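Inside the fold
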Amino acid sequence: MAEKEAKSIDQATLEMLEKAAQDGARVVFERAETTRPCPIGADGMCCSLCAMGPCRVQPPKGKEETLEERRKRVGVCGATPETISARNFVRKAAAGTASHGDHGRVMAKFFLAVAKGEAPGYEIKDEQKLLQLALDLGVTIGDRSNEEVAIDIANLLVKEFGKQEGELLFLKRAPLKRQELWRKQGVAPRGIDIEVAESMHRTHMGTDQDYQDLLKNAVKVSLADGWGGSMIATEVQDIIFGTPAPLLSQINLGVLKDDEVNIIIHGHEPQLAEMMAVAAQSPDMIAYAKSKGAKGINLAGMCCTANEMLMRHGVPIAGNFLQQELAIVTGALEAMVVDVQCIMQGLVDTARCYHTKVITTDPRAKIQGATHMEFHEHEALESAKAIIKMAVDNFVNRGKNVRIPKQKTDMIAGFSHETINYLLGGLFRASYRPLNDNIINGRIRGVAAVVGCNNPRVTHDSGNLAMVKELIKNDVLVLQTGCMAMASAKAGLMLPEAAVQFAGDGLASVCEAVGIPPVLHMGACIDNSRILMSATAMVKDGGLGDDISDLPVAAAAPEWMSEKAITIGQYAVASGIFTVFGVNWPTIGSKEVTDFMFKDFEEIYGGMWAFEPDPVKAAHLMIAHIDKKRKALGIDKARERVLYDMAMRRELV
Amino acid sequence: MKYKVKTRKSPGRETVEVLGETFEQGKPEDKDMGRWRQKLGSRGDRLKYLETGERYWFGKEWYGSEKRKIPA
Ligand code: SF4
């Protein structure tokens, strides 16, 4: 059991790991034990760009290298370890931008289809956000219909992907000083696809071989994600599906039901999931489920699709990234419906031990052994109903080997930056002023974004929990997205009462006054763009400097695993935010590259990277950075305040 | 409402009594809880809100920390 405990701190996960072992089902935790990470690749010291290699250029362990040895430690083409390290990093960043960008592109084109009335069943749900974008992009509003305005916006956004010159339109949302810095450094992205393509070209064998120049490109391609692809996806989804506002839901495997047809929607793009939510409530589908002996249809989410569905509809979350196969292990899952990104191929192998159907729905992401049922947005309801029908038909195949963990936790989600603005000030005085004031007076020490994935190389959820608890204990307000948000929610940190239980007195008092938890769920991974907007609002409100790099804020991804996380971290750094990663660091094999990103980046961009696998130490690095910024702003003294009791208050009068 | 009192350590002194939390524990039952955007009924209301609530980007006279600079 002790060994199992090290795999996760989540009881539902541990229980399902035991069941998986009993059932002979293989899951990621077991594969991570049998397939150890390649130490050379993990350090970024392997190049496989051409057929003269692969070349391994790792430094010697435990001894000093002579200059001659160092000179010889290069690839067949002469590429230095710095070039190899930086090229590997750029390719990861480009892959992240490509992934979020492709998501954004699909959403922008989908938005155009919705505006033109070519996607029946979908509509513009949030006129407010539509108008916001029209103002942002200079689209005429006047007396035009929402659809007319939307077509103009959608056309502009679709063009962002293929744009060849100029600048991404959303860069103008950033603080003025930040925009100037990007232009001065030559890292303002022209379009989205062009930066990905150029990154792939630069990193082709024999092209860009100056590590500093390569890393500049990593910055540029990542900014094309944060202020480009991701931001477009977030904004368009808000218009079509609604801007998130606080709502109550539940999380963990315990949300599955033993007497209903359980369907999990897993992946990233919400248009299918939205229609599944509609179809699952339709009387004909419910009647069909009942005809098969089930009491109803229970829809739950996983990974970022879960976050999207949770924030807008309160659809419960079955778990985060490392729990995807464990949902099948319950024996109670009729269908695992997936689209793109973070879908483990191992799902199909796990499903062989149970009755679960793994259903792929996206033409870009098929899995051998899974059932492919392509989702078509122009006949969305029919597509969704066909998938649900297949799940219902599978209910009769559910065996006796069913065990649903009882763990499920209440949570509040839906803190878009617009909602935070509203909650802090109200409808007539919406403002970030109360947040800035409470930072200035020291009740809130600073703000931290803790985001990213799970990784079986570290104890599931534990890095996040240790870090977040340490931060809120020290009066740092925590903003979360992705699978890390889910880890905190499972531990009950996304409820207002968590402020009293876990937060420092200052933060707790503010949370109580505003009525928010100390840890705010801001959405899916693409919604890290919301965090950029919150940071910008803090700057623009005033009193905390005039750039994001002046703010007492920091970011972290304590359990990261995907290339998208690298891109997110890099655009956070390039936006001026100190960012700490756990698990491992992909350039650690090259001291020059790592030093450049950890130290020199601060001079150039005001934000820099750090690596610290111990989550509490990482939290302390973040707090130290926050304190450094407080000192620079001259607000460090405010925290040394005396706590006044009733007697002291009376003396004051 | 009965106020809770808590004991806390205070810098330079031993312990002090301070007011505890004042919110009621439990779940909000109203399903419309948090649906604040629906309060804005018309396009005019929404545009007005953008100009005031989202003044950082859309306020005609608001540049906040950037007031000395040319607006973006
Ligand atoms: S590009 Fe150079 S370092 Fe990379 S595999 Fe080819 S020869 Fe080796």
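Residues numbered from 1 in each chain as written. Chains lettered and ligands numbered in written order. Predicted model: local features only at pLDDT ≥ 70, side-chain atom pairs only at ≥ 80, totals over all residues. Heavy atoms only, no water.

When you go through chain A residue by residue, the secondary structure sums to 28 helices and 16 strands. Radius of gyration (C-alpha) of chain A: 25 Å, near the 26 Å computed for a compact globule of 653 residues. By the burial criterion, 63% of the 653 residues in chain A qualify as buried. For chain A, long-range pairs separated by at least 24 residues make up 76% of all intrachain contacts whose partners lie at least 6 apart in sequence. Computed over 73 positive and 82 negative side-chain charges, the separation of the two mean positions in chain A equals 3 Å. (Helix = DSSP H or I, 4+ residues; strand = E, 2+ residues; numbered from the N terminus. Rg over C-alpha atoms; globule rule 2.2 N^0.38 Å. Buried < 20%, exposed > 50% of the residue type's maximum accessible area, 1.4 Å probe, protein only. Contact = heavy atoms within 4.5 Å. Lys, Arg positive; Asp, Glu negative; His and termini not counted. Charge placed at Lys NZ, Arg CZ, Asp CG, Glu CD.)

Below, the discussion takes up the overall build of chain B. Of the regular secondary structure elements, chain B holds 2 helices and 2 strands. Counted from the first residue to the last, chain B has its helices and strands arranged as β-β-α-α. Buried residues in chain B amount to 31% of all 72 residues.

So, on to the pairing of strand β12 (residues 476-480) of chain A. All names here are of chain A. Burial of β12 is extensive: 5 of the 5 residues sit out of reach of the surface. Burial of β12 is two-sided: the residues V476, V478 and Q480 facing one way and the residues L477 and L479 facing the other way are all buried. Note: strand β11 (residues 446-450) against β12, 5 bridges, orientation parallel. Residue pairing in the sheet places V450 in a bridge with Q480 of β12. The parallel pair β11 and β12 is bridged by helix α20 (residues 462-473), and the resulting crossover is right-handed. Note: β12 against strand β13 (residues 519-521), 3 bridges, orientation parallel. Residue pairing across strands places L479 opposite L520, the latter belonging to β13. (Pairing = 2+ DSSP bridges. Right-handed = clockwise from strand over helix to strand, strands pointing away.)

Looking now at the site of the ligand. Residue and element names in this part refer to chain A. Lining the immediate surroundings of the ligand are C47, L49, C50, M52, G53, C55, G75, V76, C77, I84, R87 and M205. By residue class, the composition of the shell around the ligand is 9 nonpolar, 2 polar and 1 charged. Each of domain 1 (2-63) and domain 2 (81-241) contributes no fewer than three residues to the shell around the ligand. (Near = heavy atom within 4 Å. Nonpolar A, V, L, I, M, F, W, Y, C, P; charged D, E, K, R; others polar. Domains from an automatic or database assignment.)

Every buried residue belonging to helix α1 (residues 43-52) of chain B is among R43, R46, Y49 and L50 of chain B, and all of these are buried. Down the axis of α1 of chain B, the buried set is contained in an arc of 125 degrees. They therefore lie on one face. Packed against the buried residues of α1 of chain B are α7 (127-137), α8 (146-162) and α18 (417-425) of chain A together with α2 (55-58) of chain B. (Arc of directions from axis to C-beta.)

Residues and elements named next belong to chain A. The final tally for this structure, using the stated rule, is 50 salt bridges over all chains. One salt bridge in this structure joins R26 and E30, with 3.3 Å as the shortest N-O distance. On the basis of relative accessibility, which here comes to 32%, the residue R26 falls in the partly exposed class. Taking the relative accessible area as the measure of exposure, E30 reaches 32% and is therefore partly exposed. One network of salt bridges, with partners in common, ties together K129, D136, R173, E235, D238, E308, R312, E418, D527 and R530. (Salt bridge = Lys/Arg side-chain N within 4 Å of Asp/Glu carboxyl O.)

Residues and elements named next belong to chain A. A complete count under the given rule lists 16 aromatic pairs over all chains for this structure. Relative to W585, the ring of F581 has its centre 6.0 Å away and its plane inclined at 90 degrees; by these criteria the two rings are edge-to-face. This pair shows no difference in class: F581 is buried, exactly as W585 is. Pairwise contacts between aromatic rings join F89, W560, F581, W585, F598 and W609 into one cluster. In this arrangement the basic side chain of R173 is found over the ring face of F170, its NZ or CZ atom lying 4.1 Å from the centre. (Phe/Tyr/Trp six-rings, centres within 6.5 Å; stacked < 30°, edge-to-face > 60°. Lys NZ or Arg CZ within 6 Å of the ring centre and 35° of its normal.)

Moving on: unusual backbone geometry. All names here are of chain A. The omega angle of the peptide bond from G53 to P54 is 0 degrees, so this bond is cis rather than trans. Structurally, the position occupied by P54 is in the loop between β1 (46-47) and β2 (55-56). Even without being a glycine, C342 presents a positive backbone phi close to 65 degrees. Backbone geometry places D475, a non-glycine residue, at a positive phi of 65 degrees. Among the structural elements, D475 can be located in the loop between α20 and β12.

All names here are of chain A. As far as domains go, chain A holds domain 1 (2-63), domain 2 (81-241), domain 3 (247-397) and domain 4 (414-633). Residue-level contacts link 20 residues of domain 3 with 23 residues of domain 4. Around 1,600 Å² of area is buried between domain 3 and domain 4 when both sides are counted, 71% of it from carbon and sulfur atoms. Taken as a group, M311, N320 and L322 account for 35% of the area that domain 3 buries against domain 4, more than any other trio of residues on that side. Between domain 3 and domain 4 we count 0 salt bridges in total. At the surface where domain 3 touches domain 4, the tally comes to 12 residue pairs in polar contact (both at pLDDT 80 or more). Looking at the side of domain 3 that touches domain 4, the elements with two or more residues in it are β3 (247-251), α14 (303-313) and β6 (317-319). When residues in the side of domain 3 that touches domain 4 are grouped by element, the largest group, 8 residues, is from α14. Taken together, the residues of the side of domain 3 that touches domain 4 sort by class into 11 nonpolar, 7 polar and 2 charged. (Buried area = accessible area lost by both parts, 1.4 Å probe. Polar contact = N/O pair within 3.5 Å; in protein donor to acceptor, adjacent residues only side chain to side chain.)

All right, on to the confidence of the model for chain A then. Of the residues in chain A, 97% have a pLDDT of 70 or more, and the chain-wide mean is 92. Confidence over residues 1-5 of chain A falls short of pLDDT 50; this stretch has 8 contacts with residues more than four positions distant or in other chains. (pLDDT = per-residue confidence, 0-100.)

Okay, the sheet that holds strand β14 (residues 553-557) of chain A next. Residue and element names in this part refer to chain A. The 6 strands lie next to each other as β13-β12-β11-β14-β15-β16, forming an open sheet whose pairing is parallel. Taken across any chain shown, the strands that pair with only one partner, and hence form the sheet edges, are β13 and β16 (609-611). Averaged over all pairs of adjacent strands, the angle between strand axes in this sheet comes to 25 degrees, irrespective of strand direction. (Axes fitted to C-alpha atoms, helices over the stretch in contact; angles between N-to-C directions.)

Let us look at the packing of helix α11 (residues 211-241) of chain A against helix α26 (residues 591-605) of chain A. The geometry of a pair of packed helices is captured by two quantities: the angle between their axes and the separation between those axes. All names here are of chain A. With their axes 11 Å apart at the nearest point, α11 and α26 run at an angle of 60 degrees to one another. With respect to each other, α11 and α26 are oriented oblique. Remark: the crossing between α11 and α26 carries right-handed chirality. For the pair α11 and α26, contact is made by Y211, Q212, L215, K216 and V219 and by E592, V593, F596, M597, F601 and Y605, respectively. Considering only residue class, the contact of α11 with α26 consists of 8 nonpolar, 1 polar and 2 charged. (Parallel < 35°, antiparallel > 145°, perpendicular 65-115°, else oblique. Left-handed = near helix turned anticlockwise from the far one by under 90°.)

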